[in-house]
Amino acid sequence: MRHPLLLYFLLAVCLFSPLSLTAKADIIDSCESHNYDYLLFGLGIYDIIDDEKAADFRVEYRHGTPFIWEIKPFLAAEVTSHASVWAGAGIYMDLNLTDNVIFTPSFGAGVYAKGSSDLDLGYPLEFRSQLELSYEFENTDRISLGVAHISNASLDEDNPGTEILSLSYHIPFDRIF
């Protein structure tokens, strides 16, 4: 079983950084100002650590209205150039680090099919955890860089997991439709 060491490291840095509790509270309080529904289009590298690298194409709908505290839902689908597919739903939270820089952790569950890839993730139910850093333009469009890990959380004895590095563009939903 491979561990998502990079994601654990980034999460630990965020949680245990030397920011004071007051500064962390200010960052969390600032997340209330960006409650737009977004349609996200992404392109990335699937399985960045191992040998099954493939292009990763992503589309995601992020609902802008929180349902608990500042936690918001999303729907997502990813397809690789090896025809691997992950489709699921989950939750995310936007944390404003500055007026234009947003940190977004997210977690979701979905179904996975390996397609023509040799990478079998071991179970049809797979969980995606992701850390993302975005820049928001004046028109509220965003561009982001994200690192994600998909695994079955040991639901099966075989749990290789995979990591994805992606670049995404977020467009406010109401500007498209």
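Residues numbered from 1 in each chain as written. Predicted model: local features only at pLDDT ≥ 70, side-chain atom pairs only at ≥ 80, totals over all residues. Heavy atoms only, no water.

It is worth spelling out the overall build of the protein chain at this point. Summing up its helical and strand segments, the protein chain has 3 helices and 9 strands in all. If you list the helices and strands of the protein chain from N to C, you get α-α-β-β-β-β-β-β-β-β-β-α. Counting all 177 residues of the protein chain, 42% fall into the buried class. Considering only residue pairs separated by 6 or more positions, the protein chain has 56% of its internal contacts joining residues 24 or more positions apart. (Helix = DSSP H or I, 4+ residues; strand = E, 2+ residues; numbered from the N terminus. Buried < 20%, exposed > 50% of the residue type's maximum accessible area, 1.4 Å probe, protein only. Contact = heavy atoms within 4.5 Å.)

A separate point is unusual backbone geometry. Although it is not a glycine, Trp69 sits at a positive phi angle of roughly 55 degrees. Position of Trp69 among the secondary structure elements: in the loop between strand S2 (54-62) and strand S3 (72-80). Looking at Trp69, the relative accessible area reads 54%, which means it is exposed. A positive phi angle, near 65 degrees, is found at Ala83, a position not held by glycine. Relative to the helices and strands, Ala83 resides in the loop between S3 and strand S4 (85-92).

Per the stated rule, a full pass over the model turns up 10 salt bridges. Between Glu60 and Arg62 there is a salt bridge, with the nearest N and O atoms lying 2.7 Å from each other. The buried category is assigned to Arg62, whose relative accessible area is 2%. Taking the shortest distance from any N to any O, the salt bridge between Arg128 and Glu60 comes out at 3.1 Å. With Arg128 in strand S7 (residues 125-136) and Glu60 in strand S2, this pair connects stretches of sequence that are 68 residues apart. Exposure remark for Arg128: the relative accessible area of 0% places this residue in the buried category. With a relative accessible area of 1%, Glu60 lands in the buried category. (Salt bridge = Lys/Arg side-chain N within 4 Å of Asp/Glu carboxyl O.)

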